[in-house]
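Residue-level structure breakdown
These are the residues of each chain, in order.
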Amino acid sequence: MARITLRQAISDALREEMQRDENVFIMGEEVGVWGGTYAVTRGFHDEFGDKRVRDTPISEMVIGGAAAGAAMNGLRPVAEFMTINFAMLALDQIVNHAAKVHYMFGGQMKAPVVYRAPGGGGRQLGATHSHTPDVIFAHFPGLTVVSPGTPYDAKGLLKSAIRSDDPVLFIEHATLYQLRGEVPEEDYTVPIGVSEVKREGSDVTIISYAQGLQVSLEAAEQLAKEGVEAEVVDLRSLRPLDMGPALESFKKTFRAVVVEEGHRGYGIGAEIVARLQEEAFDYIDAPIKRVAQDETPLPYSQELEQMALINPDKVIAAVKEIV
Amino acid sequence: MDRLTPQKYLSLYIDMRRMRAIEEKATALYYEGRTIGRIYSGRGQEAISVGSTYALAADDAVAPMNRDLGTHLVRGITVREIFCQYLGRANSSNRGKDAGLHISSPERGVMVNMISNLPASLPVAVGIALAFKIRRELRVALTYFGDGASSTGASHEGINFAAVRRLPIVFICENNQWALSTATSKQFALEHLVERAAGYGIPGIQVDGNDVLAVYETTAEAVARARGGEGPTFIEAVTMRMKGHSVTDPAQYVPQSMLDAWEQKDPIRRFGNHLRQENLLDDSLDENITGKISAEIDDAVAYAEASPFLPAEEAVTDVYAEGIATTYA
Ligand SMILES: Cc1ncc(C[n+]2csc(CCOP(=O)(O)OP(=O)(O)O)c2C)c(N)n1
Ligand SMILES: [Mg+2]
């Protein structure tokens, strides 16, 4: 198996799906000759031409809405927002159109569109360009939201997303593009809505996804040196949310920490903690902890930004409070 | 409309030269690893921000974009402040909480801060004008947006609302031929963007964006109309982005012939020649100006590099005007 970057894994998934199904096409700002903000579609314009790799004007509402429309009309668009921050400009098209047409019109219509959106903080891009607003999108039934934390999952999940008959928001954490991992050559998919244990352990359960997964795995390695074995559960999909592995692990460790890059308030952690107490109340041996972004817009200044974000030390500190 | 006196010509020239020199220095600092990116050069577009901002009265409001360094200079933002901002220091306009040219200074009329999303500040500038109108103040707002940003809903909604309410605002579209690597032919189907003004029911004027006096005069007329209660004007300033989108973009997609042709129309050299013809500038004065500008910049860089970063605990301040503690939602 080759060790490739997450960027390459996403690129490969896109290319292979475009080769497999001629209805798959790409649209977005600077996806063509430029090759995408994060170079994911570099070379695609040469390979697939104007017809299947389409630049748009700076018009996020059109990216959101026209991709939904093309999907309703039989195509399989993969629409790229330059960053998830700009996807918020298309919120109405995504949550009120793509995510609702199947339901509102009695199942007659489907919108099998994929929205790709790189996001996240930690790159000194300032308050408006550093959001991790995953939870906003994950709030709405009808929309599928996935966010991979490894190259393997990125490729497999993106293929599932493109083949899915539902609209999918595919969130890529920009700091993970260089992350390397093993990815098989042959065609495979990773199912949407299935969580997975990424590291086994018996002392505490750390539940996370995307960049938070990598932070958690690093924390777990350090904790192991101190004799604490953490089990790390990767959610992979935020909606539909599979609580199975997290619950199973929690029933074994009786302790949990939820790690997410978004703000703590009303976050993913709030949802997970609620589900744990609803579904495994008798197993709670200690307060369930949340490690998340501070309640402030992300500052530009490096030290301040890093302070506001999650890191392995914060996860370790949270674990130590409860083991 | 006020006509510029020849004496003022020289200050237009000096501000354009300051703008270019500051951006060149900031770029050099970037390559030396002394600042991190976020440098969007307005090279070749200096006449637009400098010329138009000169047309404002002291208590008018302006909402510049990231290539409008000239606006800040004309409004009296100091070169020290600008380098503190590029370097994200605590004593910059936003105290290190943001960077690039995201500078605001309400007391100097730089009222609406650029926040990156395009053109998010256009509807907000419309709101500034609305407040002027509601309070019956004879003040005007001026805002800028790019050829690329003209494709957004925010620009259409903002201009339409201002037109309907005859608000005292001037919209300057800086058509620099490119939005990142997207040429204007892929951005709009019009030959001249200014034709859009008719669709809003407001006057539209196309101006040579590399001619600082023309930009000044066109803006001054629009400002006078706005102040006189006649509503907004849409100005298309035609120019060229002479550098990449940002300091990290080599812009190989821009044909060299296009750059060569526009280089001939360089706004600074052009205005300099005009001043020489009018006997307002000669070699020794020009050298004198160069010396003053580089001294000003050297001082500012030294000052900025010696300036502190914001202490870490300040990360959570300023989230709310009421000063609510924000460790939790
Ligand atoms: C809503 C939104 N979408 C995308 C971007 C990313 N982006 C930043 S600058 C830019 C190109 C802007 O082109 P133009 O408006 O012509 O201004 P110029 O850079 O030429 O001055 C793009 C697409 C953004 N800032 N905001
Ligand atoms: Mg442009």
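Residues numbered from 1 in each chain as written. Chains lettered and ligands numbered in written order. Predicted model: local features only at pLDDT ≥ 70, side-chain atom pairs only at ≥ 80, totals over all residues.

**Structural notes on the overall build of chain A**
- A tally of regular secondary structure across chain A gives 13 helices and 14 strands.
- Relative to a compact globule of 323 residues, whose C-alpha radius of gyration would be 20 Å, chain A shows 19 Å and is just as compact.
- The principal-axis extent of the C-alpha atoms belonging to chain A is close to 55 × 45 × 40 Å.
- Residues classed as buried in chain A amount to 56% of the 323 residues present. (Helix = DSSP H or I, 4+ residues; strand = E, 2+ residues; numbered from the N terminus. Rg over C-alpha atoms; globule rule 2.2 N^0.38 Å. Buried ≥ 20, exposed ≤ 12 C-beta atoms within 10 Å, placed from the backbone.)

**With respect to the site of ligand 1**
- Of all residues adjacent to ligand 1, which total 21 residues, the nearest are Leu118, Gly146, Gly148, Ala149 and Ala179 of chain B.
- In this structure, ligand 1 sits where chains A and B come together, each supplying nearby residues.
- Within the shell around ligand 1, the residues separate by chemical class into nine nonpolar, seven polar and five charged. (Near = placed C-beta within 6 Å. Nonpolar A, V, L, I, M, F, W, Y, C, P; charged D, E, K, R; others polar.)

**Comments concerning helix H5 (residues 91-98) of chain A**
- Within the span of H5 of chain A, buried status applies to Gln93, Ile94, Val95, His97 and Ala98 of chain A.
- Looking at the packing, one finds that the buried side of H5 of chain A touches helix H3 (60-72), helix H4 (84-87), helix H6 (101-104), strand E5 (114-119) and strand E7 (168-173) of chain A. (Contact = placed C-beta atoms within 7 Å.)

**Let's talk about the interface of chain A and chain B**
- Each partner contributes residues to the interface: chain A has 29 residues there, and chain B has 33 residues.
- It is helix H12 (residues 302-308) of chain A that provides the largest number of residues to the side of chain A that touches chain B, a total of four residues.
- Residues of the side of chain A that touches chain B, tallied by class, amount to 14 nonpolar, nine polar and six charged.

**What to know about the sheet that holds strand E2 (residues 24-28) of chain A**
Residue and element names in this part refer to chain A.
- In spatial order, the strands read E3-E2-E4-E5-E7-E6-E12; together these seven strands make up an open sheet with mixed pairing. The open sheet has two free edges, formed respectively by strand E3 (53-55) and strand E12 (237-239), since each of these has just one partner strand. For this sheet the average axis-to-axis angle between neighbouring strands, irrespective of direction, equals 20 degrees.
- Inspection of the sheet shows strand E4 (residues 76-80) paired to E5 by three bridges, in the parallel sense. Bridge pairing in E5 places Val78 opposite Val114.
- Together, E2, E4 and E5 form the strand contacts of H3, whose direction differs from that of E4 by roughly 170 degrees. (Pairing = 2+ DSSP bridges. Axes fitted to C-alpha atoms, helices over the stretch in contact; angles between N-to-C directions.)

**Description of the domain arrangement of chain A**
Residues and elements named next belong to chain A.
- As assigned here, chain A comprises domain 1 (2-183) and domain 2 (196-322).
- Distance from the C-alpha centre of domain 1 to the C-alpha centre of domain 2: 26 Å.
- Residue assignment for the side of domain 1 that touches domain 2 shows that the elements contributing at least two residues are helix H7 (134-138), strand E6 (144-146), helix H8 (151-163) and E7.
- For the side of domain 1 that touches domain 2, a count of residues per class yields 12 nonpolar, 12 polar and two charged. (Domains from an automatic or database assignment.)

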